[in-house]
Amino acid sequence: MRIAILFLFMMISVFSFNVYADENASLSQDDKGNYLIKTEQDYYNFIENIQNYNKKKVILCNDINISDVPEASSSFDGTLNGKGYTITYSSKEAKENIA
């Protein structure tokens, strides 16, 4: 029984980390070579691969609502242009407490 619970916990840990980000994904680029964050998935991929965008320009193309706040593996040393858009965090727990 303990082995089954341990295995289940390990599987949940592995899958919960990989649900949001694809470590092999790259953001799309515009004709000037700027990287574009268009969706929630793009945002998670950006954070997961943040070291790949150092010294690069990244542009937010839409308002983004995120349901989880991921941790970046390193700092970002580039330019993030929000163009007036916002990234909003809305947890499932907060939504449940409103109802």
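Structure shown above.
None of the values given here were measured: they were computed from a predicted structure.

A. Here's a closer look at the pairing of strand S3 (residues 57-60). In this structure, strand S2 (residues 35-37) lies alongside S3, joined through 3 bridges in parallel fashion. Paired with Tyr35 across the bridge in S3 is Val58. Where the polypeptide runs from S2 across helix H2 (residues 40-48) and back to S3, its parallel neighbour, the crossover connection is right-handed. Examined bridge by bridge, S3 and strand S5 (residues 79-81) share 3 bridges and lie parallel to one another. Across the sheet, residue Ile59 finds its bridge partner in S5, namely Asn81.

B. Summary view of the sheet that holds S5. The 4 strands are arranged S1-S2-S3-S5 in an open sheet whose pairing can be described as mixed. In this open sheet, the two edge strands, each paired with only one partner strand, are strand S1 (28-29) and S5.

C. Broad picture of the packing of aromatic side chains. Inspection of every chain in the model, using the stated rule, returns 4 aromatic pairs. Ring centres of Phe46 and Tyr53 lie 5.6 Å apart, and the angle between their planes is 45°; on these two criteria the pair is classed as tilted. Overall, the relative accessible area of 2% leaves Tyr53 in the buried class.

D. Here's a closer look at the pattern of salt bridges. For the coordinates displayed, the defined rule picks out 1 salt bridge. Between Lys55 and Asp77 there is a salt bridge whose closest N-O contact spans 2.6 Å. Here Lys55 is found in the loop between H2 and S3, whereas its partner Asp77 is found in the loop between strand S4 (64-66) and S5, with 22 residues between them in sequence.

E. Looking closely at the nonpolar core. In this structure, Leu27, Ile37, Tyr43, Phe46, Tyr53, Val58 and Ile64 are the most contacted members of the largest nonpolar core, which totals 13 residues. Secondary structure elements with two or more residues in this core: S2, H2, S3 and S4. In terms of residue count, the dominant contributor to this core is H2 (4 residues). Here Leu27 is in contact with Tyr35, Leu36, Ile37, Asp42, Phe46, Tyr53 and Val58, once residues within four sequence places are set aside.

Criteria and thresholds
- Residues numbered from 1 in each chain as written.
- Predicted model: local features only at pLDDT ≥ 70, side-chain atom pairs only at ≥ 80, totals over all residues.
- Heavy atoms only, no water.
- Pairing = 2+ DSSP bridges.
- Helix = DSSP H or I, 4+ residues; strand = E, 2+ residues; numbered from the N terminus.
- Right-handed = clockwise from strand over helix to strand, strands pointing away.
- Phe/Tyr/Trp six-rings, centres within 6.5 Å; stacked < 30°, edge-to-face > 60°.
- Buried < 20%, exposed > 50% of the residue type's maximum accessible area, 1.4 Å probe, protein only.
- Salt bridge = Lys/Arg side-chain N within 4 Å of Asp/Glu carboxyl O.
- Core = buried A, V, L, I, M, F, W, Y, C linked by side-chain atoms within 4.5 Å.
- Contact = heavy atoms within 4.5 Å.

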